[in-house]
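Each chain, written out:
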Amino acid sequence: MPVSLLWAVDVYGRVYSLSTAGQQWELCRDAQLEFKRVTAAQQCCWGIACDNNVYLNVHASDLPVRYQEQTYENQRWNPVDGFSERLLPSDRWQWSDVTGLQHQPLDSFRLSSSSWEWEGDWYMDENFEGEPIDKGGWTYSIDFPAAYTKDKKWNSCVRRRRWLRYRRYKAMDTWAKIPSQQTNLPDPFSDISCGGWDINEEPRGRLSLWAVSLQGKVWFREGIYHQNPEGSVWEEVSLPGEVVQVSCGPGDLVWAVLWEGQLIVREGISRDYPKGSSWVMVDSPSPDVGATHVAVGNNVVWVLTKDNKVWFRRGVNSHNPCGSGWISMIGEMIMINVGLNDQVWGISCDDRAVHFRQGVTSSELSGKTWKVIVVPRDGDRSHSSASASSLQSAGCYFRGEVRAQSVASDVEPDTEKGSTDGATGLVSSDIPESFNAPEQPSDHTSDHTSDTPKPCIPKVTSDSFISELVSDREPASAAPAVLEEENISGDAEVTLSVLPIPSGGPVNPQWSNVDLEETQVQTGAVMESSDTCSLSSVATYTLAIEDPYGVDEHPLWAWISGGGCSVDSHSQLSWFNCPGNSSGLVQSIQSMSLSVTPAQTATWKRQIFEQLSERTKREMDNFRHYEQAIEQSVWVKKGTMQWWRDWKPHKWIDIQFALEQFSGPDGNKDGIMFIYYNFNEEKKYLHAFINEITILVPVLNDSKHTFAIYTPERTKQRWPIRVAAGTELEMHDWLALLSVSSCDSRRIEGPPSKHAIWSITCKGDIFVCEPTPGLEVVPYPTPCDQMFWRQVGGHLRSVECNTVGIVWGIGYDHTAWVYSGGYGGGFFQGLASSTDNIYTQTDVKSVYIYENQRWNPVSGYTSRGLPTDRYMWSDASGLHECTKTNTKPPSPQWTWVSDWAIDYSVSGGTDREGWQFAADFPASYHGYKTMKDFVRRRRWSRKCKLTTTGPWQEIPPIPLSDVTILPCATQSSVDVVPLWAISNKGDVLCRLGVTALTPAGSSWLHVGTDQPFKSISIGAVSQVWAIAKDGSAFYRGSVSPESPAGDSWFHIPSPAKQKLKQVSVGRTSVHAVDENSNLWYRQGVTPSYPQGSSWDHISNNVRKVSVGPLDQVWIIADKVQGSHGLSCGTVCHRLEVQPMDPKGQSWDYGIGGGWDHITVRGNSLEASCVRLPSLTSESSPAPPSPPLVGSLEVNGNAVGCEMHT
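Residues numbered from 1 in each chain as written. Predicted model: local features only at pLDDT ≥ 70, side-chain atom pairs only at ≥ 80, totals over all residues. Heavy atoms only, no water.

1. Concerning the overall build of the chain
Argument step 1. Counting secondary structure elements, the chain contains 7 helices and 76 strands.
Argument step 2. Counting across all 1205 residues of the chain, residues that qualify as buried make up 50%.
Argument step 3. Nonlocal contacts in the chain, meaning residues at least 24 apart in sequence, comprise 58% of its contacts between residues at least 6 apart.
Argument step 4. Total accessible area on the chain stands at roughly 57300 Å², and carbon and sulfur atoms take up 51% of it. (Helix = DSSP H or I, 4+ residues; strand = E, 2+ residues; numbered from the N terminus. Buried < 20%, exposed > 50% of the residue type's maximum accessible area, 1.4 Å probe, protein only. Contact = heavy atoms within 4.5 Å. Areas by Shrake-Rupley, 256 points an atom, 1.4 Å probe, with all protein chains shown as cover.)

Have a look at this one:
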């Protein structure tokens, strides 16, 4: 879970933040003003200061906030001047926006506030739809407005070009005032709330900000998103009454409280109408007591009434924002707030402490109990290192409390009053009864009643300390407290803070007699005696200067905001135990454990070891003359499973599954797998040797717990052995057992090596293979179907590695992960998994279904299609029926975490309701309706979540879509490895501080681009190639260890009529895949001309390509012929790739189908030299027959992988 912040404001107006991984409140030190309220999101925090202005604090990130300003220069052709600035009266402005309706000259653009700065000057955009245009940047058309082209034609009467300029938001991690001209409102704000970032898959960074003025009006902030965090303008929202407080959730829930104590709910909030349409009245939970405060989340509403009672609204969701009823909860609060994942925080009315609602889950939204957050504040003196060291020096940790068992005193109440009035700055929170006793004569101090605990201190060996503590009770002057420290015997140190006498106190303070005899400390105090420790237990007072709170008082909070705090039921929080107290207590206990010295410990450990060694030697010598009775051990495991029959009709049949494993005297392990089945009432069996198994793949679906077993022969056939277990647990047990047995037979153990080949299946499972030098031997390499793959725990969508062992992965939810060096995880337990470097990993992905409709003249678009049409609810192909009710998560490991929602982020665009139109099924879809469109569809999405374990650590906070690592170590002395990535929004990033010891790196460096990118790759000598989202290729110039980000992008033309989607760069070669699944090789790449000259076609039906550090070429191919049909997602290796023939000659097919990603960028094992046998030598062995790959290649293309165009 990424680190996030909980924000709070104390009663003095100071703003604090508490990290989910932290243990203290951090003061927001740059805030020079006092704040009333704050409202937080994950990327920013808004606040209302005491000067009634609105402020914004945007969290610093490696990804800068940049806004692109653009304007168009328009010209018209005339016979006299040609193209000129003279336009017709009916034409658009000479400088305008893209529509031509708004006048936008270059000098009219101004920075919206002082928080922005220009990155550079205006420049012309020389790209048009992914292709470069002439230096002038002009595009031509017959008239305004019309379709523009980059080429000038005979009828081109108008032209235009786009000018660009970027501005950067610079006020990061500081409170920036929203400019007054943007907040020119009739009265100041009294409340503010932000949310709305989850409205129907709204792009990250878009927020809804609601505010309430002192006059009870509600305002909405328009135009807030990632590139414009300040927003644009405030707009008033009509109301049924005067509002005192408003709350906005992450989704489409907005509630407000009226002055009369009633509640109103905003309806009609959607992606296109974030302000909503109307208000609905909801009665207060209690008819006699009105509501004062409301807090909403995704599916919850919490309300406080005037008597500080807490209420929970049941039945709240996007379809029913008003809910169904109220439930009274335990506790009394003055303020409550709901954060991410519907987690709840509150401020209690009795002590003003922050409480966290524990037990809140998706199935139990109301939670179970309140738990107070007891972490210290930044700068607390009671938790400072000086106080901690003083307390520990006394051998006990008192937490600033004055205990009657330690010191007895009859100080009058005036003494306490003087200490808290600030005359001396001394404050105590726990005052013993003896301190609060009324003033009595001095002779009464030694006459205590029996029910009063006898004040005493343990035995002290320092006479000077005792004499100073029980001095002759001379009158003390009103001097400030002095902290005195003296060394005492036994190498111990006692700290004493002398209690000062305030000016208003008595002249002769009365001290109790001190018993110098050693006594037993009562229950609740720390145990001390002369047998275990010679340290003394004394009262310790600390000085509190310039602190509004007492030494041991908790802060008084006024407001809390958890909108940016990501906490769930699995989060491990350190908010409920004071770190200073716990560490001090542990250290004090360790200081008392002095009875056993380190020298004594070492002595008895050595004695025990010697005794054990002698006994082992004695017992083994007595049996050395015996012969070994058993030369090998055999172990058998059996079970009942189902097997997918090889012959037609294919169906599941019941079988007996057995694994027989044996080990020889030399320690080698091997085994045989048996499948016993009945055929025509005859018992038969199928077997496979464990050392022949090349991979075990889980194939989870909604009906069977299935896994596939591959051997070299089965890999060639594309037809594995498929068996199904009765339960998921049983399947995992068999998978782990077979995997461990296969690794033992091949003597493979521990984590993957630095040269490992990593791959990922279409279901997100991760596999690694240890390569051999024979893979690249020419002319007879090791066949790919003999490669052994083993599974690594975790779940990823893509993975990238390099030759020094740095491995990064990206999940389906675009979360970045780095390999931690372990092995196992997931269903691997015990010896099959490392004990450390295994972490919890989560992944979230969306499941899509399509709603299809056909137009008819009577009723328009309806769900009644033609008999030949696709299902009205289907998958993307239309061949399978998929409705909202029967669509399930991909496997039992996934659980739904959201409801079905319309997806507007579909390629080709949508209208306001999410529909795409076309002439017929299937066809090219577009987001607008024309006269020829008779069908339409829209995509619905629903998120599901998977939780597993594996050797992966999360790298927050920027979500990524692609990552690349330099495949070989750099030549710099620091040995920093270049790593480039692309965020899910298309920004190009460069990771700093990546080394073999710190593979996660330190920070991101943003690399400027004019358009979003989707693929990137770095090769030898820092060759950086990238693919933009429009399909064009780019090369980054001047990248070096001294300049890791380079200086500029060079546009590389794409292959004719093709749009590229992925690129991979090796030592000297560059390969790319286009959107039509063609594989291309870049010709003419040299050190002097790294951009190359042209693209050469290699093959088709290629999904992804990976080029290794030795220019090895591996791909994921589709439509590979198998024994039972075509197979999609097959790992293929390009053969005979040599410096003189970098494109290679043919393909060798490996594991598949069902694979989605592969990377060989860590395999730098050089091919060993093969000596061809002499034809004249009779004793020379016959050369091995080459694999049958000649028949798989026709004109450089794989047979069965050709695409007909």
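From this point on, the discussion continues.
2. Side note on the sheet that holds strand β65 (residues 1070–1074)
Strand pairing in a sheet relies on backbone hydrogen bonds. The paired strands run either parallel or antiparallel.
Argument step 1. Taken in spatial order, the 4 strands line up as β64-β65-β66-β67 in an open sheet, and their pairing is antiparallel. Across the chains shown, the open sheet's two edge strands, defined by having one partner strand only, are β64 (1060–1065) and β67 (1094–1099). Neighbour-to-neighbour, the strand axes of this sheet turn through a mean angle of 30°, independent of strand direction. (Pairing = 2+ DSSP bridges. Axes fitted to C-alpha atoms, helices over the stretch in contact; angles between N-to-C directions.)

3. Re the sheet that holds strand β25 (residues 291–296)
Argument step 1. With respect to topology, 7 strands assemble into an open sheet ordered β25-β26-β27-β28-β29-β30-β31, the strand pairing being antiparallel. The outermost strands of the open sheet, each flanked by one partner alone, are β25 and β31 (369–372). Across the sheet, the mean angle separating the axes of adjacent strands is 40° when strand polarity is ignored.

4. Topic: the environment of Asp875
Argument step 1. The residue Asp875 is located in the loop between β50 (873–874) and β51 (894–896) in this model.
Argument step 2. Given the relative accessible area of 17%, Asp875 is considered buried.
Argument step 3. For the pair Asp875 and Tyr850, spaced 25 residues apart in sequence, the C-alpha to C-alpha distance is 5.8 Å.
Argument step 4. The residues contacting Asp875, other than those within four sequence positions of it, are Tyr850, His880 and Cys882.
Argument step 5. Only 2.9 Å separates the side chain of Asp875 from the backbone nitrogen of Gly878, close enough to count as a polar contact. (Polar contact = N/O pair within 3.5 Å; in protein donor to acceptor, adjacent residues only side chain to side chain.)

5. Here we look at the pairing of strand β30 (residues 354–358)
Argument step 1. Of all 5 residues in β30, 4 are buried, a share of seventy percent or more.
Argument step 2. Looking at chain direction, strand β29 (residues 344–348) and β30 are connected through 3 bridges and run antiparallel. Considered in β30, the bridge of Gly346 is made with His355.
Argument step 3. Between β29 and β30, which pair antiparallel in sequence order, lie 5 residues; one of them, Arg352, sits at a positive phi of approximately 60°.
Argument step 4. Relative to β31, β30 runs antiparallel, the two being bridged by 4 bridges. Paired with His355 across the two strands is Val372, which belongs to β31.

6. What about helix α7 (residues 728–745)?
Argument step 1. The first and last C-alpha atoms of α7 sit 26 Å apart over 18 residues, in line with the 26 Å expected at 1.5 Å per residue.
Argument step 2. Every buried residue belonging to α7 is among Met731, His732, Trp734, Leu735, Ala736, Leu737, Leu738, Ser739, Ser741, Ser742, Cys743 and Ser745, and all of these are buried.
Argument step 3. At the C-terminal side of α7, Arg747 shows a positive phi close to 55°. (Expected span 1.5 Å × (residues − 1).)

7. Re the UniProt feature "domain: Peroxin/Ferlin" (unreviewed entry) in the chain
Argument step 1. The feature "domain: Peroxin/Ferlin" (unreviewed entry), as given by UniProt, occupies residues 64–125, 137–170, 842–903 and 914–947 in the numbering adopted here.
Argument step 2. From the first C-alpha to the last, residues 137–170 spans 30 Å; its make-up is 0% helix and 44% strand.
Argument step 3. Span residues 914–947 is 0% helix and 50% strand, its end C-alpha atoms 31 Å apart. (UniProt positions renumbered as here; feature names shortened; annotations may be inferred.)

8. Focus: the nonpolar core
Argument step 1. Trp808, Leu960, Trp980, Trp1004, Phe1013 and Trp1049 are the most contacted members of the largest nonpolar core, which totals 34 residues.
Argument step 2. Looking at this core, the elements that each hand over two or more residues are β46 (807–810), β47 (816–819), β56 (960–965), β57 (979–983), β58 (988–992), β59 (1003–1007), β60 (1013–1018) and β61 (1024–1028).
Argument step 3. Broken down by element, this core gets its largest block of residues, 4 residues, from β57.
Argument step 4. Counting residues in hydrophobic clusters, the runner-up holds 31 residues, among them Val9, Met335, Phe356 and Ile560. (Core = buried A, V, L, I, M, F, W, Y, C linked by side-chain atoms within 4.5 Å.)

9. Overview of the pattern of salt bridges
Argument step 1. One pass over the full model with this rule turns up 25 salt bridges.
Argument step 2. In this structure, the salt-bridge partner of Asp646 is Arg714, at a minimum N-O distance of 2.9 Å. Within this pair, whereas Asp646 is found in the loop between β35 (633–644) and β36 (652–663), its partner Arg714 is found in helix α6 (residues 712–717), the two being separated by 68 residues in sequence. Assigned by exposure class, Asp646 and Arg714 land together as buried.
Argument step 3. Taken together, the shared-partner salt bridges in this structure form one network comprising Arg66, Glu119 and Arg168. (Salt bridge = Lys/Arg side-chain N within 4 Å of Asp/Glu carboxyl O.)

10. Re unusual backbone geometry
Most peptide bonds are trans, and most residues other than glycine sit at a negative phi.
Argument step 1. Phe921 connects to Pro922 through a cis peptide bond whose omega is -25°.
Argument step 2. Topologically, Pro922 is positioned in the loop between β53 (915–918) and β54 (935–950).
Argument step 3. Gly1152 connects to Gly1153 through a cis peptide bond whose omega is 0°.
Argument step 4. Along the polypeptide, Gly1153 turns up in the loop between β73 (1146–1149) and β74 (1155–1159).
Argument step 5. You will see that Ser1022, though not glycine, has its phi angle at about 60°, which is positive.
Argument step 6. For Ser1022, a relative accessible area of 9% gives the class buried.

11. Re the packing of aromatic side chains
Argument step 1. Scanning the entire structure with this criterion turns up 40 aromatic pairs.
Argument step 2. A centroid spacing of 4.6 Å and a plane angle of 45° characterise the contact between Trp25 and Trp557, whose relative ring orientation is tilted. Residue Trp25 is found in the loop between β2 (15–19) and β3 (26–27), and its partner Trp557 is found in strand β34 (residues 557–561); the two are separated by 532 residues along the sequence. Residue Trp25 shares its accessibility class with Trp557, and that shared class is buried.
Argument step 3. Between Trp647 and Tyr677, the ring centres sit 5.9 Å apart and the planes meet at 50°, which makes this aromatic pair tilted. Pair noted here: Trp647 is in the loop between β35 and β36 and Tyr677 is in strand β37 (residues 669–679), with a separation of 30 residues, a long-range link.
Argument step 4. Given the relative accessible area of 27%, Trp647 is considered partly exposed.
Argument step 5. Of note, Arg939 hangs over the ring of Tyr848, and the distance from its end group to the ring centre comes to 3.9 Å.
Argument step 6. Over the ring of Trp1004 we find Arg991; its NZ or CZ atom is 4.7 Å from the centre of that ring. (Phe/Tyr/Trp six-rings, centres within 6.5 Å; stacked < 30°, edge-to-face > 60°. Lys NZ or Arg CZ within 6 Å of the ring centre and 35° of its normal.)

12. Looking at the side chain of Ser741
Argument step 1. With respect to the secondary-structure elements, Ser741 resides in helix α7.
Argument step 2. Owing to a relative accessible area of 4%, Ser741 belongs among the buried residues under this scheme.
Argument step 3. Setting aside anything within four residues of it in sequence, one finds Ser741 in contact with Leu659, Gln661 and Ile690.

13. As for the state of the cysteines
Argument step 1. Under the criterion given, the structure shown has 0 disulfides.
Argument step 2. Cys44 provides the cysteine sulfur closest to Cys194, a residue in no disulfide bond, and the two sulfurs are 5.8 Å apart. (Disulfide = S-S within 2.5 Å.)

14. With respect to the environment of Pro1090
Argument step 1. Within the secondary structure, Pro1090 sits in the loop between β66 (1079–1083) and β67.
Argument step 2. Take Pro1090: its relative accessible area is 14%, and that puts it in the buried class.
Argument step 3. Remark: the alpha-carbon pair of Pro1090 and Gly1037, spanning 53 residues in sequence, is separated by 9.0 Å.
Argument step 4. Among residues more than four places away in sequence, those in contact with Pro1090 are Trp1025, Tyr1035 and Val1085.

15. Things to note about the confidence of the model for the chain
Argument step 1. On average, residues of the chain score 78 in pLDDT, and 77% of them are at 70 or above.
Argument step 2. Note on residues 1170–1205: pLDDT is under 50 here. Beyond four places in sequence and across chains, it has 52 contacts. (pLDDT = per-residue confidence, 0-100.)

16. Concerning the environment of Ser613
Argument step 1. By the secondary structure assignment, Ser613 is in helix α5 (residues 598–621).
Argument step 2. A distance of 2.9 Å separates a polar side-chain atom of Ser613 from the backbone oxygen of Phe609.

17. Some points on the side chain of Arg357
Argument step 1. Positionally, Arg357 belongs in strand β30.
Argument step 2. Here Arg357 occupies a buried position and makes no salt bridge, while the nearest side chain of opposite charge, Glu364, is found at 7.2 Å.
Argument step 3. There is a polar contact of 2.9 Å between the side chain of Arg357 and the backbone oxygen of Ser366.
Argument step 4. Setting aside residues no more than four positions away along its own chain, Arg357 makes contact with Trp302, Met329, Ile330, Gln343, Val344, Ser366, Gly367, Lys368, Thr369 and Trp370. (Lys, Arg positive; Asp, Glu negative; His and termini not counted.)

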